[in-house]
Amino acid sequence: MKSNDIRQSFLDFFEAKKHHLAKSDGLVPSSDPTLLFTSAGMVQFKNMFQGKTKLTYTRAVSCQKCFRTNDIERVGHTARHHTFFEMLGNFSFGDYFKKDAIHWAWEYLTKTVKLPPEKLWVTVYQDDDEAAEIWQSIVKPDRIVRLGKESNFWEMGETGPCGPCSEILYDQGEKTGCGKPECKVGCDCDRYLEVWNLVFTQFDRNKAGHLTPLPQKNIDTGMGLERLAAVVQEVSSNFDTDLFRPIILKASDLAGVEYGREEKIDRYLKVIADHIRGITFLCSEGILPSNEGRGYVLRRLIRRAHRYGKLLNIKDTFLHLLAGVVIDSMKSHYPELAEAKEHTYNIIINEEKKFQQTLEQGLTILEEIIADLKNTKNTMISGKIVFQLYDTYGFPVDLTKEITAEQGFQIDEQGFEAEMEQQREKARSAWKGSGAEDLSFYSLLHKDTGDTIFTGYDEIKTTSRILALIADKKQVAEASSGTLVQVILEQTPCYGETGGQIGDTGKITKPDGEIIITHTARPIPGLIVHEGKITSGIFAKNDTVDVVVDEERRQNIARNHTATHLLQAALRKTLGSHIAQAGSLVEPERLRFDFTHNQSLEAKELSALEDMVNADIRANLPVMVTETSQEEARKKGAMALFGEKYGEKVRLVEVSGASMELCGGTHCHTSGEIGLFKIVSESSIAQGVRRIEAVTGQEAISLLHQQDQLINDLEQILKTNAGELTSRVNKLLEQVKTLQKEIQQQKSKTVSHNSNDLISDVKQINGIALLAKAFPDADAEDLRKIGDQLKNSLKSGVFILGGLKNGKIALICMVTDDLIAKGLHAAKIIKEVATVVGGSGGGRADLAQAGGKEPDKLDKAISKSLDIISKIKYSS
């Protein structure tokens, strides 16, 4: 069976057992923003397992995209460690329990994928007699192994839901084992391979460690598709399945090597094949390379994969070609991969090119470090330096180790690991404080209130009932005037912020009271929360109230949202189909649209975009909204946002003949309601990502008024008319350039004169000619010119020059070639001088510069130069 067939057979098997087919959640978890990535199939069902949300079904089956980084260093070294993987799972929420879970697992493995029963073993928790008894009705007792808590008892944490596990293992035969006589089920070797883990969540553990039976017993199973494919396809490594083999063959072809002949080359190919799967899926969800959070993980994967390609002598960017193999092989089950293809290619190519540059920088710095160490007896490169190369320049630690070893040096691996652990701790702390709040409060609330009915597509006011009142993060029965509250209503016309569209404002009223709504949020899917302040009266749970949206503000938001759709369509027509949304913000005053593109837009391109959008506005095109299935929407060619999770039913917003997107926001009825579209700015926000900010309607008209006023003001100041403004300004600029040139020529004459005068200030220190002097009103460029004049005049010497201009310190050190040959180094000297002014610096042996934070100590730093030079030991 092919892997695609195995995946589909699993889903079909449990659908036939009346399981709800749940689509894979994103690698970015939709229901738990505190997690970096989805790491197991049960993540999207966590609230259902914990009873925090109402159940819409009691059984489910899924094939979940998962991502883990904890074993990244082991990838390629073993047959089964991966970053990205797929988890097959079936789940029961208070429905069936052990008997059905066990029988169905056995049926699927032996009947559907036809694994030989004689090769299967099972384990149960040592005290789980119930599971053991069920298994005894299926397999011989000697095939059932009882194991302890460490391997066969699942816990969510120190307290809370937990329960025993039962694992199904496949005997791969003696040749894959450790060869020890005592080798048996439970051994760490690869012979008895865990295929499927069945978790029976039946207890609740309290702080004292006591287990209490849960009123709702759950089933949570997990089986890695990669492992199952290896077993079914009868190969000893996951990397030899059809999930990895095509990628490995393509990579080996690009590298001109043969897979299966040399262990080291095979390992490199496996790392690349593993990483490109993760890279491709992360890019498809809109994640961009960065230096923190999920973006940092993506950047690390791309750089590791590129590094291993370099070790295989692949010279150019190549990972996008492998991403194409991943997309082609997996797009049938994950159509979002094909939709994000151009976007994925652009991100990968840009990041690889950027890494090629940082590799060159890192090599240069490493060569300088080695050169410095050769002048000492120290053969150990500190962990701090190795970490700096890794963290700042993206220089892989194994490459540092390899290069330094060739030169007879070692790296402090323990020191490096200590620095890495500090970084991991910082990352964990930063992630916890990154705004990803714990939404369990709202999940429990949602369980009581149910979904909020949103009526705002058809009306801006309605009558409703208060289902919950929140003050100081607690539910309250009532609240009075002056209290800041959150209100959950049975139904509302207020749009809760989501999908880039800001939440509505408005009022909640009753005959004797008023709440001013300052924001409407949607903390979790289905729940709309109104935030505001009670300005009069007392409000209580179950009160009947009137709700009204700020209509003018809503209309302005709608103008900007519909204009955003027209802008994206115009971008794709103007720049190409590689354009993909990378973020957006729709507010009443403006719109912001982020998109994937490699270069800035020229003025004529921005004008063309404006013209296209305004042409659609003048055409007064109808805006049509329909509900349909995801599949139908995709067939029609609707655009979807990368990484966004859509339900079975989607809302299709079409501006007739111009744009078609999946969108849950509020829009104009016709494009003509937008009035006018004007781009305010275009800029870069990340590698390969551009941002356009624009205004519409009255805001666009106001902007034109401001620009008219600016032109009028310039006409008055420059005593000319609008048609002559450009030529007038150009003439003024030419005059400024001429004056600047004259000033610079005068400064050069002064510098030449000063440098000749300075020769008398040269001191001889241990046979070295030294000039150390501070100059008022001099910057780094001025100091370099003085230094160059001194070198030409003196031919041999050390020149330490300081300047103070506009409150900023500049320090320069120059060393002539004859003294460099004797061991003097400008960068080392300037570092010592800079410490006096609270600064740091660096550079080459002949020229180095520094800055500082304490201007009042500049003279002291220059004076210290005499001591520094007098202590230098050099070869005479």
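Residues numbered from 1 in each chain as written. Predicted model: local features only at pLDDT ≥ 70, side-chain atom pairs only at ≥ 80, totals over all residues. Heavy atoms only, no water.

So, a nonpolar patch on the surface
Among the surface-exposed residues, Leu710, Leu714 and Ile717 lie close enough to one another that they form a single nonpolar patch of about 290 Å² accessible area. Within the secondary structure, Ile717 sits in helix 20 (residues 697-718). (Patch = residues over 30% accessible without salt bridge, like charges linked within 9 Å, V, L, I, M, F, W, Y side chains within 5 Å. Areas by Shrake-Rupley, 256 points an atom, 1.4 Å probe, with all protein chains shown as cover. Salt bridge = Lys/Arg side-chain N within 4 Å of Asp/Glu carboxyl O. Helix = DSSP H or I, 4+ residues; strand = E, 2+ residues; numbered from the N terminus.)

Regarding the pattern of salt bridges
Think of it this way: side chains of opposite charge can pair up when their charged atoms draw near. Per the stated rule, a full pass over the model turns up 38 salt bridges. Of the charged contacts in the structure, one is a salt bridge between Lys98 and Glu130, with a shortest N-O distance of 3.2 Å. Placement of Lys98 in helix 3 (residues 98-112) and of Glu130 in helix 4 (residues 129-136) is noted, with a sequence separation of 32 residues between them. Lys98 gets classed as buried once you look at its relative accessible area, which sits at 2%. Each member of the salt-bridge network shares a partner with another, and the members are Lys65, Glu285 and Glu336. (Buried < 20%, exposed > 50% of the residue type's maximum accessible area, 1.4 Å probe, protein only.)

Structural notes on the side chain of Glu610
Positionally, Glu610 belongs in helix 18 (residues 603-618). You can call Glu610 buried: its relative accessible area is 13%. Setting aside anything within four residues of it in sequence, one finds Glu610 in contact with Phe677, Lys678 and Ile679. (Contact = heavy atoms within 4.5 Å.)

With respect to the sheet that holds strand 26 (residues 649-655)
Strand order in this open sheet of three strands is 25-26-27, and the pairing throughout is antiparallel. Since the sheet does not close on itself, it has two edges, and those belong to strand 25 (623-629) and strand 27 (659-662), each with one partner. Put simply, the sheet's adjacent strands are angled 25 degrees from each other on average, direction ignored. As judged from the seven bridges shared by strand 25 and strand 26, these two strands associate in the antiparallel manner. Note that in strand 26 the partner of Val623 across the bridge is Val655. Packing of helix 17 (residues 551-575) onto the sheet brings it into contact with strand 25, strand 26 and strand 27, and relative to strand 27 it is tilted by some 115 degrees. (Pairing = 2+ DSSP bridges. Axes fitted to C-alpha atoms, helices over the stretch in contact; angles between N-to-C directions.)

Section: the environment of His333
Take His333: it is sitting in the loop between helix 10 (319-330) and helix 11 (336-339). Look past the residues within four positions of His333 in its chain and what remains in contact with it is Arg7, Leu11 and Cys63.

Things to note about the state of the cysteines
Enumeration over the complete set of coordinates arrives at zero disulfides. You can see Cys66 has no disulfide; the closest cysteine sulfur is in Cys63, sitting 8.4 Å from it. Judged by relative accessible area, Cys66 falls into the buried class, the value being 0%. The structure places no disulfide on Cys162, whose sulfur is separated from the nearest cysteine sulfur, that of Cys165, by 10 Å. Assessed through its relative accessible area of 1%, Cys162 is described here as buried. (Disulfide = S-S within 2.5 Å.)

Comments concerning the packing of aromatic side chains
Considering all chains together, one arrives at 29 aromatic pairs under this definition. Considering the side-chain rings of Phe14 and Trp104, the 6.4 Å spacing of their centres and the 80 degrees angle between planes classify their relative orientation as edge-to-face. Highlighted residues: Phe14 in helix 1 (residues 3-15) and Trp104 in helix 3, separated in sequence by 90 residues. For the pair shown, Phe14 and Trp104 are each scored as buried. Measuring from centroid to centroid gives 6.2 Å for Phe593 and Phe595, while their planes differ by 15 degrees, and the two rings are stacked. (Phe/Tyr/Trp six-rings, centres within 6.5 Å; stacked < 30°, edge-to-face > 60°.)

Here we look at the sheet that holds strand 33 (residues 808-815)
The strand order 30-31-32-33-35-34 describes an open sheet built from six strands, whose pairing is mixed. With partners counted over all chains shown, the strands left at the sheet margins are strand 30 (763-765) and strand 34 (841-843), one partner each. Averaged over neighbouring strand pairs, the angle between their axes works out to 20 degrees when direction is ignored. Relative to strand 32 (residues 798-805), strand 31 (residues 768-776) runs parallel, the two sharing seven bridges. Across the sheet, Ala774 pairs through a bridge with Gly802, a residue of strand 32. Together, strand 30, strand 31, strand 32 and strand 33 form the strand contacts of helix 25 (residues 858-871), whose direction differs from that of strand 31 by roughly 175 degrees.

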